[in-house]
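# Geometric and topological summary
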Amino acid sequence: MSTAVLKSPLQKSLKIALIQLKAGADKAANLAKVTKYIDQAVKTSTVGTLDLVMLPECFNSPYAVDQFRNYAEIIPSGETTSVLSELAKKYGIFIVGGSIPELDGEKVYNTSLTFDPSGKIIAKHRKAHLFDIDIPNGITFKESISLSGGDKATVFKLGDFGNVGLGICYDIRFPELALIASRHPHNSFAMFYPGAFNTTTGPLHWHVLARSRAIDNEVYTVLCSPARDVEGGGYQAYGHSLVVDPFGKIIAEAGEGEEILFAELDKDLLPKARESIPVHYQRRFDIYEDFVGKEKAKVSDL
């Protein structure tokens, strides 16, 4: 393919803020903290006028399998949906709403909502891969005790910027979601993953998985973590929210505590990456199956 005709799937550079905060047992206090931090992000941005704010996984509740149902809300009538919708509208920004426990009938899902600048929900992703692990001398955690898994990949149009894919935490370990998002006809420019890796899996794989998904698909990869609750006795998130560019370079990274991380996704970098190392155009579907073209690859559409 001639590089002369390559165009960026990101139509204009995107200025973002990742809100790395920790949630407590009081949902109202958690939502008040979200409101405060988003207000602060908009007013103190170091990258210019913000286009998008992203929240971490389970930002309105403790990350605990025995608590998800207690904090679960019906979407879109729940209070968290209402708060994020109003904030998106107030500041005229996109909000990738981390994730919250969602109640649908008898089932509870770990669900991420994205809002456009008018406050409308434009994407809904239910965590597809549940975090069920048992690491010797490490951590045992089984989301399937209380959660159900989603059954669709999520790809959507982020206004005039272009298409993006959305996953939640453990979803990043399964490259198929990013592959679906980055391939034709979606041609996404980024994957967003709110995630709460822990202090065992975080040091092992947080950075390498983010860089791998970016390199595999030549897209930006954006991860937003809760802050580490050093003084608490519950689940300890790794922190280190980060942004990786299409070359696999980390361009922004937070620490472990509560923090706002700013970054700009440069539209001109995507075609440079795909021209320099054109794996995006050199797939050999004649010798391996193009699984994303199959009807069974279900993609969420609101």
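These numbers were taken from a predicted model, which means no experiment stands behind them. (Residues numbered from 1 in each chain as written. Predicted model: local features only at pLDDT ≥ 70, side-chain atom pairs only at ≥ 80, totals over all residues. Heavy atoms only, no water.)

Within helix H6 (residues 269-276) the residues assigned to the buried category are Leu269, Leu270, Pro271, Ala273 and Arg274. Elements that come into contact with the buried residues of H6 comprise helix H5 (201-217) and strand E12 (220-224). (Buried < 20%, exposed > 50% of the residue type's maximum accessible area, 1.4 Å probe, protein only. Helix = DSSP H or I, 4+ residues; strand = E, 2+ residues; numbered from the N terminus. Contact = heavy atoms within 4.5 Å.)

Let's shift gears to the pairing of strand E10 (residues 163-166). As paired strands, strand E9 (residues 153-157) and E10 are joined by four bridges and run antiparallel to one another. Pairing of phenylalanine 156 across the sheet is with valine 164, part of E10. As paired strands, E10 and strand E11 (residues 190-194) are joined by three bridges and run parallel to one another. The residue of E11 that forms the bridge with valine 164 is alanine 190. Remark: the E10/helix H4 (residues 176-182)/E11 crossover connection has right-handed handedness. (Pairing = 2+ DSSP bridges. Right-handed = clockwise from strand over helix to strand, strands pointing away.)

For E12, the buried fraction is high: five of the five residues fall into the buried class. Residues Tyr220, Val222 and Cys224 line one face of E12 and the alternating positions Thr221 and Leu223 line the opposite face, and both faces are buried. Where the polypeptide runs from E11 across H5 and back to E12, its parallel neighbour, the crossover connection is right-handed. As judged from the three bridges shared by E12 and strand E13 (residues 242-244), these two strands associate in the antiparallel manner. Across the sheet, residue valine 222 finds its bridge partner in E13, namely valine 243.

As a further point, take the sheet that holds strand E16 (residues 299-300). One open sheet holds the seven strands; their spatial order is E14-E13-E12-E11-E10-E9-E16, and the pairing between them is mixed. The sheet terminates laterally at strand E14 (250-253) and E16, the two strands that pair on one side only. By the bridge criterion, five bridges tie E11 to E12 in an arrangement that is parallel. Bridge pairing in E12 places proline 194 opposite cysteine 224. Against the sheet, H5 contacts E11, E12, E13 and E14, and its axis sits at roughly 35° relative to E13. (Axes fitted to C-alpha atoms, helices over the stretch in contact; angles between N-to-C directions.)

Where helix H1 (residues 27-44) contacts helix H3 (residues 79-91), the axes come no closer than 11 Å and their chain directions differ by 15°. In terms of axis orientation, H1 runs roughly parallel to H3. As for how H1 packs across H3, the hand of that crossing is right-handed. Residues Lys27, Leu31, Val34, Thr35, Ile38, Asp39 and Val42 of H1 touch H3, and the partners they reach there are Glu79, Thr80, Val83, Leu84, Leu87 and Tyr91. Residue composition of the contact of H1 with H3, by class: eight nonpolar, two polar and three charged. (Parallel < 35°, antiparallel > 145°, perpendicular 65-115°, else oblique. Left-handed = near helix turned anticlockwise from the far one by under 90°. Nonpolar A, V, L, I, M, F, W, Y, C, P; charged D, E, K, R; others polar.)

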